[in-house]
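Chains, contacts and geometry: an overview
Now for the letters of each chain:
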Amino acid sequence: MILVTGGAGYIGSHVCIALLDAGLDVVAVDNLSNSNRTSLQRVQSICGRSLVFRYTDIRNEDVICDLLRGYGVTAVIHLAGLKAVGDSNVRPMAYYENNVLGTMRLVSAMKRANVMTLVFSSSATVYGIPKYLPLDEKHPLGPTNPYGRTKLIIEEMLKDLCRSDDGWRISNLRYFNPVGAHESGLVGEDPLGVPSNLLPFVAQVAIGRREKLRIWGNDYDTPDGTGIRDFIHVVDLASGHLSALRQLERPGLTTVNLGTGNGSSVLDVVRAFEAASGRSVPYEFRERRAGDVAVCFADPTFAQDAMGWRSTRSLEQMCADHWRWQLQNPDGYQDSAPAKVQARSGHRGRHA
Ligand code: NAD
Ligand code: WQD
């Protein structure tokens, strides 16, 4: 049995699908602060198998400990956390409390229950401003915002934990830019309010929910002047967690980039999305966004060497799958009857 924290979220729901499809049993925990339990109902219908869901916060150490013991959990995939860079500048303490304290409580519960195998969601944001490209795992670290610093602090904390006790087996996964959705169109990203990330914004423009995309900067030192990122299909990313779990016989902490190794510019994404959707995506150029770097992409070699994993899905497929999700769920999970029931009963902060 695998415990997935943040299991109802964007990446968590795809990780649950990968685990169930691989024949593993899942207990998902989530406080639904940025998600909806409908995602997990859909995960179960996609997989034709059930999972256990517990509505709780990872900071409830005793509850987590009981779940670990009660379900005979053997490993934890830890995705729960706050992730919005801009928001982290406004209310940094919420990020330290949720991400850092939350992880402290989680590993404490794990130690008490003698479950010492962990896959952690870190981020390429820990690299900060690239000193060279592609970014390999040895690149110096220097996050430039509070969110990124919480990830770096957790990474350091987990390293110390492994040094203190060689029973721990931890895989530290640094994601690049996850996009796309499950090919069924039933599960995908459901951002709160105005999306700050590129793909959800582009998708909302394509469907007519927003007038035009604002492209933050066209004067970067890149072929078309717009920023370049390593977009990775969320289904590829999810399968990386399964590969990480499988190589966790090795003690200590192993850090692995999950990216494609390919950089795509903002304009590449706009064109690919227009092709996938058959809709136009009007845009205008604006000033650079504070904190953005020109180019960022992974060296994914170590993921292949250490765990035999590599991404397989193209930018075209990422856009096609993202579009299918957007088309079938124009207002995200809010559309669905179960979500409305939850909103009325006050389970979900964001729509309640
Ligand atoms: P998400 O917000 O969709 O999922 C996170 C889930 O965790 C949500 O369902 C939320 O309700 C839950 N949660 C938050 N705090 C919790 C708590 N204290 N207790 C229980 N549940 C809690 O985000 P996502 O995109 O799926 O990201 C998952 C993880 O991956 C995060 O840790 C994020 O920092 C990391 N990550 C995401 C990206 C990205 O671009 N999406 C990139 C790199 C790393
Ligand atoms: C991509 C490109 C923008 C929106 C963020 C976090 C990072 C990680 C992934 C969690 C950039 C441009 C965007 C828009 C635009 N998350 N853009 N108009 O900034 O690479 O990474 O998400 O760990 O920590 O910082 O992703 O999708 O916001 O931007 O022009 O409306 O698209 O300037 O060049 P980013 P993004």
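This one's a predicted model, so the numbers in the text were calculated from it and none came from an experiment.

Taken together, the neighbourhood of ligand 2 is formed by 17 residues, with Ser 123, Tyr 147, Arg 214, Arg 229 and Asp 292 sitting nearest. Asn 177 places a side-chain nitrogen or oxygen 3.0 Å from an oxygen atom of ligand 2. The contact in question runs from a nitrogen atom of ligand 2 to an N or O atom on the backbone of Arg 214, over 2.8 Å. The protein chains hide 86% of the 690 Å² of surface that ligand 2 would expose on its own. With 4 residues, strand E8 (residues 213-216) is the largest single contributor of residues to the shell around ligand 2. Of the residues assigned to the shell around ligand 2, the class counts are 7 nonpolar, 6 polar and 4 charged.

On to unusual backbone geometry, then. Cis geometry marks the peptide bond from Leu 133 to Pro 134, where omega comes out at -5°. Of note, Leu 32 is a non-glycine position whose phi angle comes to about 55°, a positive value. Along the chain, Leu 32 turns up in the loop between strand E2 (26-30) and helix H2 (38-47). For Leu 32, a relative accessible area of 0% corresponds to the buried category. Within the chain, Asn 114 stands out as a residue other than glycine whose phi angle is a positive 55°. Here Asn 114 shows up in the loop between helix H5 (92-112) and strand E5 (117-123).

Another point: the nonpolar core. Ranked by size, the top nonpolar core spans 43 residues in total, and within it Leu 19, Val 43 and Ile 77 carry the most contacts. When residues in this core are grouped by element, the largest group, 8 residues, is from helix H1 (residues 10-21). Apart from the residues lying within four places of it in its own chain, the contact partners of Leu 19 are Ile 2, Val 4, Leu 24, Val 26, Arg 49, Ile 77, Leu 242 and Leu 245. Formed by 27 residues, the second largest nonpolar core is a distinct cluster that contains Val 29, Ile 58, Val 76 and Val 100.

Tracing the sequence through the fold places Lys 138 in the loop between E5 and helix H6 (146-164). Under the relative-accessibility criterion, Lys 138 is labelled exposed at 76%. Separated by 118 residues in the primary sequence, Lys 138 and Val 256 have C-alpha atoms spaced 10 Å apart.

Bringing the pattern of salt bridges into the picture now. As enumerated under the stated definition, the model contains 19 salt bridges in all. Between Lys 159 and Glu 156 there is a salt bridge, with the nearest N and O atoms lying 3.5 Å from each other. Here Glu 156 and Lys 159 lie together in helix H6, a separation of 3 residues that amounts to about one turn. On the basis of relative accessible area, Lys 159 is assigned to the partly exposed category, the value being 27%.

Our focus in this paragraph is the confidence of the model for the protein. On average, residues of the protein score 94 in pLDDT, and 95% of them are at 70 or above. Below pLDDT 50 for its whole length, residues 337-352 participates in 33 contacts with residues either more than four positions away or in separate chains.

Moving on to the pairing of E5. Summarising burial for E5: 7 of the 7 residues are buried, a large majority. Bridge count for strand E4 (residues 75-78) against E5 is 3 bridges, and the pairing is parallel. Across the sheet, His 78 pairs through a bridge with Phe 120, a residue of E5. Strand direction decides the pairing type here: E5 and strand E6 (residues 169-175), joined by 7 bridges, are parallel. Paired with Ser 123 across the bridge in E6 is Tyr 175. With H6 bridging E5 and its parallel neighbour E6, the resulting β-α-β unit is right-handed.

Bringing the environment of Val 281 into the picture now. Within the element layout of this structure, Val 281 appears in the loop between helix H9 (266-277) and strand E13 (283-286). Overall, the relative accessible area of 2% leaves Val 281 in the buried class. Note: C-alpha distance between Val 281 and Ala 206 (75 residues apart in sequence) is 5.4 Å. Apart from the residues within four sequence positions on either side, Val 281 is in contact with Val 202, Val 205, Ala 206, Leu 213, Val 270 and Glu 274.

Conventions and cut-offs
- Note on numbering: residues in each chain are counted from 1, in written sequence order.
- Chains carry letters and ligands carry numbers; both start at the beginning, A for chains and 1 for ligands, and go up in the order they are written.
- Local features in this predicted model are restricted to residues of pLDDT 70 or higher, and side-chain atom pairs are both shown and tallied only at a pLDDT of 80 or more, whereas totals for entire chains, interfaces and linings draw on every residue.
- Computation of side-chain values covers all heavy atoms of the structure but excludes hydrogens and water.
- Being near a molecule or strand, for a residue, means having at least one of its heavy atoms within 4 Å of it.
- Polar contacts, as used here, are pairs of N or O atoms within 3.5 Å; protein pairs need one atom able to donate a hydrogen and one able to accept it. Residues neighboring in sequence count only if both atoms are side-chain atoms.
- Accessible surface area values rest on a Shrake-Rupley calculation with a 1.4 Å probe, where residue burial reflects the displayed protein chains alone.
- Secondary structure elements are defined from DSSP: runs of H or I of at least 4 residues count as helices, runs of E of at least 2 residues count as strands, and each element is numbered from the N terminus.
- Amino acid classes used here: Ala, Val, Leu, Ile, Met, Phe, Trp, Tyr, Cys and Pro are nonpolar; Asp, Glu, Lys and Arg are charged; the rest, including Gly, are polar.
- Buried residues are those whose accessible area, probed at 1.4 Å on protein chains only, stays under 20% of the maximum for their type, while exposed residues exceed 50% and partly exposed ones sit between those limits.
- We call a set of buried Ala, Val, Leu, Ile, Met, Phe, Trp, Tyr and Cys residues a nonpolar core when their side-chain atoms join them within 4.5 Å.
- Here a residue-residue contact requires only that any non-hydrogen atoms of the pair lie within 4.5 Å.
- Salt bridges are counted wherever a side-chain nitrogen of Lys or Arg sits within 4 Å of a carboxyl oxygen of Asp or Glu.
- Here pLDDT means the predictor's own confidence in every residue, given as a number from 0 to 100.
- When DSSP finds two or more bridges between two strands, those strands count as paired.
- Here, the term right-handed applies to a crossover whose path from the first strand over the helix to the second runs clockwise when the strands point away from the viewer.

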